[in-house]
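Analysis of the macromolecular model
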Amino acid sequence: MEILAMHISNGIINGPVAAAFAVIALAAMALCVRRGRHDLDDRLAPMAGLVAAFIFAVQMLNFPIFTAGVSGHLLGGAIAAMLVGPWVGALCIAVVLVVQALVFGDGGVAMLGLSITNMAVIGVAVAYLLIALLLRVLPRSNAGLAVTAFVAALVSVVVAAMGFVLQYWLGGTTDLGGNLTGLAGTMAVSHLFIGIGEGLITATTVVTVAKVRPDLVYALRALKPAPAATVPTVGGVR
């Protein structure tokens, strides 16, 4: 676990930057709690638990990327955004990260703000913005839903990985000799492949749920197509 620590281990980013992102993460989670209350109902509450458990399981598969303290793994932002929405989805991922750090030692406790910002905030936000866009231009078929889930997962994984590059640029504790571009390239390429795998898993899972219980897919309920405008009839003539 010391060698393949999931997420960001203590000491990778300096204290001031870690503290600043902890404040950002706390503020974002407070907003999610406030907005998520309006979404929770009899369908969403149990689904949130299932989503958190699923994300916890898939994140156990991780791959070393940079030194001994950072690894790549599935993030789960897109599947959380699609099934339970952005507010509750971000909270699900944040809870998973906290449990992993405190109970299993996956990632440093002092670095939790960094990991939550990358995965729960950036990852979910980017995924849901793409979902909202794609569901308005693609057909509401299984194929359209699959493409939406795949693209949202792929892009959100890569963008979240770039969040770590920004954090390292702000407060990395190891001198890369000006080779931050190399770190960015390594993170982008490795997470591109991870994003492809996550996209396939997300698309398969979301389409399967939609076939059985489309009412459990938050994105399909919340992002309904705008009703077509109608012209009132006058004297029998439209």
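What you see is a predicted model; the values in this text were computed from it and never measured.

Core analysis: the biggest nonpolar cluster contains 55 residues, and M29, L83, V84, I93 and I131 have the highest contact counts within it. Put simply, the parts of the chain that give this core at least two residues each are α1 (15-36), α2 (44-58), α3 (77-84), α4 (86-103), α5 (112-137), α6 (142-171), α7 (180-212) and α8 (218-222). Sort the elements by how many residues they give to this core and α5 lands first, with ten residues. When sequence neighbours within four positions are dropped, the list of residues in contact with V84 reads L44, M47, A48, V51, G89 and Y218. Listed in part, the 15 residues of the second largest apolar core include A161, V165, L183 and A184.

Right, let's talk about the pattern of salt bridges for a bit. Scanning all chains against the criterion turns up one salt bridge. Between R213 and D215 there is a salt bridge; the shortest N-O distance is 2.8 Å. Classification of D215 by relative accessible area gives partly exposed; the value is 24%.

On inspection of all chains with the given rule, the structure shows three aromatic pairs. Here Y128 and Y218 contribute two aromatic rings whose centre-to-centre distance is 6.3 Å and whose plane-to-plane angle is 55 degrees, an arrangement assigned as tilted. Residue Y128 is located in helix α5, and its partner Y218 is located in helix α8; the two are separated by 90 residues in the primary sequence. Aromatic side chains F164 and Y168 sit 5.9 Å apart centroid to centroid with 50 degrees between the ring planes, which places their arrangement in the tilted category. Pair noted here: F164 and Y168 are both in helix α6, with a separation of four residues, about one helical turn. Since its relative accessible area comes to 3%, F164 is described here as buried.

Here the focus is the packing of α2 against α4. Direction vectors running N to C along α2 and α4 enclose 45 degrees, while the axes themselves pass 9 Å from each other. Of the possible angle classes, the one that applies to α2 and α4 is oblique. Crossing of α2 against α4: the hand is right-handed. Counted together, L44, A48, A52, I55 and F56 of α2 and V88, C92, I93, V96, V99 and Q100 of α4 form the full contact between these two elements.

As for its position among the elements, L216 is in the loop between α7 and α8. Its relative accessible area of 17% is what places L216 among the buried residues. For L216 and V206, which are ten residues apart along the polypeptide, the C-alpha to C-alpha distance reads 9.7 Å. Once residues within four sequence positions are removed from consideration, L216 is found in contact with R43, M47, L83, V209 and R221.

This next bit is on the confidence of the model for the protein. Scored by pLDDT, the protein comes out at a mean of 84, with 86% of its residues at no less than 70. Across residues 1-6 the pLDDT falls below 50, and counting only partners more than four positions away or on other chains, this stretch makes 19 contacts in the model.

Relative to the helices and strands, S156 resides in helix α6. At a separation of 2.8 Å, a polar atom in the side chain of S156 contacts the main-chain carbonyl oxygen of A152. Setting aside its immediate chain neighbours within four residues, S156 contacts A78, G123, V126 and A127.

Basis of the calculations
- The residue numbering used here restarts from 1 in each chain and proceeds along that chain's sequence as written.
- At least 70 in pLDDT is required for a residue's local features to be given in this predicted model, at least 80 for side-chain atom pairs to be given and counted, and no such filter applies to totals for whole chains, interfaces and linings, which use all residues.
- Hydrogens are left out, water is left out, and the side-chain values use all remaining heavy atoms of the structure.
- By nonpolar core we mean a set of buried residues, namely Ala, Val, Leu, Ile, Met, Phe, Trp, Tyr and Cys, connected to one another through side-chain atoms within 4.5 Å.
- Three labels apply to residues, based on accessible area from a 1.4 Å probe with only protein chains included: buried if under 20% of the type maximum, exposed if over 50%, partly exposed otherwise in between.
- Secondary structure elements follow DSSP: runs of H or I of four or more residues count as helices, runs of E of two or more count as strands, with numbering from the N terminus.
- Any two residues whose heavy atoms approach within 4.5 Å at even a single point are treated as in contact.
- Between Lys or Arg on one side and Asp or Glu on the other, a salt bridge is scored when a side-chain nitrogen of the former is within 4 Å of a carboxyl oxygen of the latter.
- The rule is short: rings of Phe, Tyr and Trp, with Trp giving its six-membered ring, pair when the centres are within 6.5 Å, and they are stacked under 30 degrees, edge-to-face over 60, tilted in between.
- Lines are fitted to the C-alpha atoms to define the axes, a helix being fitted only along its stretch in contact, and any angle between axes, read from their N-to-C directions, falls within 0 to 180 degrees.
- The scheme is simple: roughly parallel for angles under 35 degrees, roughly antiparallel for over 145, roughly perpendicular for 65 to 115, oblique for anything else.
- Crossings are classed by handedness, with left-handed meaning an anticlockwise turn of the near helix from the far one by less than a right angle and right-handed meaning a clockwise turn.
- The quantity known as pLDDT measures the predictor's confidence residue by residue, on a range of 0 to 100.
- We call two N or O atoms a polar contact when they sit within 3.5 Å, provided that within protein one can donate a hydrogen and the other can accept it, with sequence-adjacent residues counted only if both atoms are side-chain atoms.

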